[in-house]
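# Structure assessment
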Amino acid sequence: MANRSDKQRRLEEARRKQLQLDLHALRPLDIAAIAAGVALLLCFFFDWAQVYNTDYGVEVHVSGFSFALAALTGGYSSTAAAYGDIAVPFYYYAESYCAALGALSLTAVIVSLLCIALPVVRLATGSRRLYAADIALPAAALGLLVACFAVGIAMNGSQILPVYCSGNPACSIQSYAAIGAIVAAAATAISIVSAVRCARICRAHREKHA
Amino acid sequence: MKRKLVCAFLALACLAFAFAGCGTDSYVLNEDTFFLVMTNMQYYPEQYVNKHIEYDCFVYHLTDVEGNVHVCAVRKCSAEYGCQCGNDTVIGFLLEYDGDIPQPKNQSEDTNDKAWIHVTGTIPSAQKTDIRIHAYTASGEIDEGTVETISFLTFTASSVTEIEDYSGLHYYVTK
């Protein structure tokens, strides 16, 4: 009796190890997810809002990190270099847009950090449990960055162009948050592929040993 | 536990660094910071009320429609940021000072040879003073039929010092 239970235990142990070995094939996807998360964070260095003059180029600009920092510290009217040109003209002439962009950017930064943390934890612990957050986090980052892009472009309807640019038709407000959205879409795709392949491997094991 | 404490400390250090740019009590403007900080003062004066401020500028006389002369401490700049004061676009303050203030020199000319001064003092109030001036025509002549109202913050100077060597200063400031 004892020998049978020992044998059963050893068999289950062997099956678990085999499953872990098969799931090991997903590690490159975890590394790709981390790389996508890092690329996503780097996208915050792009200008979330800039006044572009076709005659002179970029006149004033604010990066995604500057908006996130302003939301964190309340420094929308600060002249510190970390905030870019947020004080004048952006916050002065488009206060509600800046407040919205700040909140969205700060949330997106936190979500992006979690998008990196989750696969790091998975690699470190070897745990392959599927969590809703695996797909939800990069998808949330995608939604937030699309919203950042929309708000950035919507600033064309604020007082910045008519007052700061004196209605100069050569001026427009542009946003590169769309680049972050594209990277977030790639991160979401990676997480979906990883989740699907993990589910297939686990199902195959269950069927094999049923 | 130790790792959590280190992480918490790093997070606090980052926050402290982030807050480092806020809440300064003294502003000494130089050629690198003049435009940005002076612009910020015009748009968000409440942040700078009663703070110690020092900056270099030139003397500028603004004459209103009644012939009163208002002494200003300014530099010239572009229209997006400055005050269109008749024929010139300047950025700066109305100057209140008990002592002697030099007479302006070449105030509207495009030359660095002006009456440069170093002023130290404070902005006592975020309230701007409205001044009614005559507009200028496209040819640069005074149009006495048209009146404009411009607004200036007041700077109360505790000291005004003439600058002898202004070779390192720029009368026109831009971003």
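What you see is a predicted model; the values in this text were computed from it and never measured. (Residues numbered from 1 in each chain as written. Chains lettered and ligands numbered in written order. Predicted model: local features only at pLDDT ≥ 70, side-chain atom pairs only at ≥ 80, totals over all residues. Heavy atoms only, no water.)

### Side note on the overall build of chain A
To be explicit about the condition: Secondary structure elements are defined from DSSP: runs of H or I of at least 4 residues count as helices, runs of E of at least 2 residues count as strands, and each element is numbered from the N terminus. The quantity called the radius of gyration is restricted to C-alpha atoms. Its globule counterpart is 2.2 Å times the number of residues to the power 0.38. Buried, partly exposed and exposed residues are distinguished by accessible area as a fraction of the type maximum, computed with a 1.4 Å probe on protein chains only: under 20%, between the cut-offs, and over 50%, respectively. Working rule for contacts: check all heavy atoms of both residues, and any pair within 4.5 Å makes them a contact.
Looking only at helices and strands, one finds eight helices and three strands in chain A. When the helices and strands of chain A are read in sequence order from the N terminus, they spell out α-α-β-β-α-α-α-α-α-β-α. Relative to a compact globule of 210 residues, whose C-alpha radius of gyration would be 17 Å, chain A shows 24 Å and is clearly more extended. Expressed as lengths along the three principal axes of its C-alpha atoms, the size of chain A is roughly 90 × 30 × 20 Å. Within chain A, buried positions represent 43% of all 210 residues. Summarising the internal contacts of chain A: among those between residues at least 6 apart in sequence, 71% fall at separations of at least 24.

### A look at helix 3 (residues 64-73) of chain A
All names here are of chain A. The buried count for helix 3 comes to seven of ten residues, which makes it a mostly enclosed element. Within helix 3, burial applies to Gly64, Ser66, Phe67, Ala68, Leu69, Ala70 and Thr73. Two residues or fewer after helix 3 comes Gly74, characterised by a positive phi angle close to 80°.

### Comments concerning the pattern of salt bridges
Selection rule: Salt bridge, as applied in this entry: a Lys or Arg side-chain nitrogen positioned within 4 Å of an Asp or Glu carboxyl oxygen.
One pass over the structure, following the stated rule, counts nine salt bridges over all chains. Between Asp6 of chain A and Arg9 of chain A there is a salt bridge, and its shortest N-O distance comes to 2.4 Å. Of this pair, Asp6 of chain A and Arg9 of chain A both sit in helix 1 (residues 2-23), three residues apart, roughly one helical turn. For Asp113 of chain B, the salt bridge goes to Lys105 of chain B, with nearest N and O atoms at 2.8 Å.

### A few points about the packing of helix 4 (residues 86-93) of chain A against helix 2 (residues 34-43) of chain B
As a reminder of what qualifies: Helix axes use the C-alpha atoms of the stretch in contact, all axes being lines fitted to C-alpha atoms, and the angles between their N-to-C directions lie in the range 0 to 180 degrees. In this scheme, roughly parallel covers angles under 35 degrees and roughly antiparallel covers those over 145, while 65 to 115 is roughly perpendicular and the rest are oblique. The residue classification treats Ala, Val, Leu, Ile, Met, Phe, Trp, Tyr, Cys and Pro as nonpolar and Asp, Glu, Lys and Arg as charged. All others, Gly included, are polar.
The N-to-C vectors of helix 4 of chain A and helix 2 of chain B enclose an angle of 25°; their axes lie 10 Å apart at closest approach. Taken together, the axes of helix 4 of chain A and helix 2 of chain B lie roughly parallel to each other. In this structure, helix 4 of chain A contributes Ala87, Val88, Tyr92 and Tyr93 of chain A to the contact, and helix 2 of chain B contributes Thr39, Asn40 and Tyr43 of chain B. Counted by class, the contact of helix 4 of chain A with helix 2 of chain B contains five nonpolar, two polar and no charged residues.

### Topic: the interface of chain A and chain B
Threshold: Here's the idea: put two parts together, see how much 1.4 Å probe accessible area each one loses, and the total over both is what we call buried area. For the purposes of these results, a polar contact is taken to be a pair of N or O atoms within 3.5 Å, where, inside protein, one atom must be able to donate a hydrogen and its partner to accept one; residues adjacent in sequence count only when each atom of the pair is a side-chain atom.
Of the residues lining the interface, 17 residues belong to chain A; the matching set on chain B comes to 16 residues. Taken together, both faces of the contact between chain A and chain B bury some 1400 Å²; the carbon and sulfur share is 61%. When the buried area of chain A at its contact with chain B is split by residue, Ser77, Thr79 and Val88 of chain A rank highest and sum to 35% of it. Here chain A is connected to chain B by zero salt bridges. Put simply, chain A and chain B have five residue pairs in polar contact (both at pLDDT 80 or more) between them. Those elements that place two or more of their residues in the side of chain A that touches chain B are strand 2 (57-63), helix 3 and helix 4 of chain A. Ranked by the residues each element gives to the side of chain A that touches chain B, the list is headed by helix 4 of chain A, at five residues. In terms of residue class, the side of chain A that touches chain B is built from eleven nonpolar, four polar and two charged.

### Focus on the sheet that holds strand 1 (residues 47-53) of chain A
All names here are of chain A. Stated precisely, the cut-off is as follows: Being paired, for any two strands, means DSSP has found at least two bridges between them.
Read across the open sheet, the three strands follow the order 2-1-3; overall the sheet is antiparallel. Both outer strands of the open sheet, strand 2 and strand 3 (171-174), are each paired with one neighbouring strand and no more. Mean inter-strand twist for the sheet, computed between neighbouring axes without regard to direction, equals 15°. Pairing analysis gives four bridges linking strand 1 to strand 3, with the strands arranged antiparallel.

### Overview of the packing of aromatic side chains
Defined as follows: Geometry of aromatic contacts follows a simple scheme: Phe, Tyr and Trp rings, the Trp one being its six-membered ring, pair when their centres are within 6.5 Å, and the pair is stacked under 30 degrees between planes, edge-to-face over 60, tilted otherwise.
A full pass over the atoms with the stated rule returns 16 aromatic pairs over all chains. A centroid spacing of 4.3 Å and a plane angle of 80° characterise the contact between Tyr92 of chain A and Tyr43 of chain B, whose relative ring orientation is edge-to-face. Of the two residues, Tyr92 of chain A is situated in helix 4 and Tyr43 of chain B in helix 2; the pairing between them involves two chains. Among the residues examined, Tyr43 of chain B registers a relative accessible area of 11% and is labelled buried.

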